[in-house]
Amino acid sequence: YKFRLNIGITMIILLNSSLKKKEVENMNINQIIETYLKSLSEEERENTHIERYSFGNTPEMEDELAQLVAKGEKKATTSLLALYDPDNERIPEKGDLNIILDSKGNEVCVTRNTRIYSVPFREVSENHAFMEGEGDKSLDYWRKVHIKFFKEEFGDKFNEDMEVLCEEFELVKL
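Residues numbered from 1 in each chain as written. Predicted model: local features only at pLDDT ≥ 70, side-chain atom pairs only at ≥ 80, totals over all residues. Heavy atoms only, no water.

### Describing unusual backbone geometry
Right, on to step 1. Of note, the phi angle at K137 is positive, near 65°, even though the residue is not glycine.
Right, on to step 2. Tracing the backbone shows K137 in the loop between α5 (126-132) and α6 (139-154).
Right, on to step 3. Judged by relative accessible area, K137 falls into the partly exposed class, the value being 26%. (Helix = DSSP H or I, 4+ residues; strand = E, 2+ residues; numbered from the N terminus. Buried < 20%, exposed > 50% of the residue type's maximum accessible area, 1.4 Å probe, protein only.)

Right, dumping it as structure tokens:
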């Protein structure tokens, strides 16, 4: 689950430099993205979509989940498909870049979507729950917190037959 800022943009940035280890350690988020995009073909760069968002719906959750992503423990997320506005909001795709924010809007890290699929809520796998990296990483824990979250976001209309969008991602490292 995540809160999107709907600031999706397509970026084409080319860099002309060779990087040393110390320079990589001191890079900010924009430099990481620019360097990553430079490694792609021209066609891939033109089709790369970038989103900025935080996970969760409270400041505490936003900070905790951003840190789990930055540590490499959180490698997946789940959204309720019905919460996407098809006229105004793009469904995430494989290859998209995501700038993960904390509760104050600070950029924490960059991820790249590696797999996107939808299933009914009740069919989310143990593996996906584990990849979300939260709590004890069990499917039971995942179901409990996601039912609560989706009911807060969608109200009493939420049911376990509803389609969810499962996203798997990796940290973009140089």
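So, next bit.
### Some words on α6
Right, on to step 1. Helix length check: α6, at 16 residues, gives a terminal C-alpha distance of 21 Å against a target of 22 Å (1.5 Å per residue), a fit within 8%.
Right, on to step 2. Among all positions of α6, only W142, V145, H146, F149, F150 and F154 are buried. Viewed along the axis of α6, the buried residues span an arc of 140°, placing them on a single side of the element. Of the exposed residues in α6, those oriented more than 90 degrees away from the buried face are D140, K144 and K148.
Right, on to step 3. If you follow the buried residues of α6, they end up packed against β4 (76-80), α5 and β7 (163-171).
Right, on to step 4. Just downstream of α6 lies G155, where phi reads positive at about 75°. (Expected span 1.5 Å × (residues − 1). Arc of directions from axis to C-beta. Contact = heavy atoms within 4.5 Å.)

### A closer look at the side chain of D102
Right, on to step 1. Within the secondary structure layout, D102 lies in the loop between β5 (97-101) and β6 (107-120).
Right, on to step 2. Salt bridges are absent for the buried D102, whose nearest opposite-charge side chain, K104, sits at 6.0 Å.
Right, on to step 3. Here K104 takes part through its backbone nitrogen, which lies 2.9 Å from a polar atom of the side chain of D102. (Lys, Arg positive; Asp, Glu negative; His and termini not counted. Salt bridge = Lys/Arg side-chain N within 4 Å of Asp/Glu carboxyl O. Polar contact = N/O pair within 3.5 Å; in protein donor to acceptor, adjacent residues only side chain to side chain.)

### Examining the pairing of β4
Right, on to step 1. With 5 of 5 residues buried, β4 lies mostly within the body of the structure.
Right, on to step 2. The two faces of β4 match: A76, T78 and L80 on one face and T77 and S79 on the other face are all buried.
Right, on to step 3. In this sheet, β7 lies alongside β4 in antiparallel orientation, the contact comprising 5 bridges. By the bridge assignment, T77 is partnered in β7 with E167. (Pairing = 2+ DSSP bridges.)

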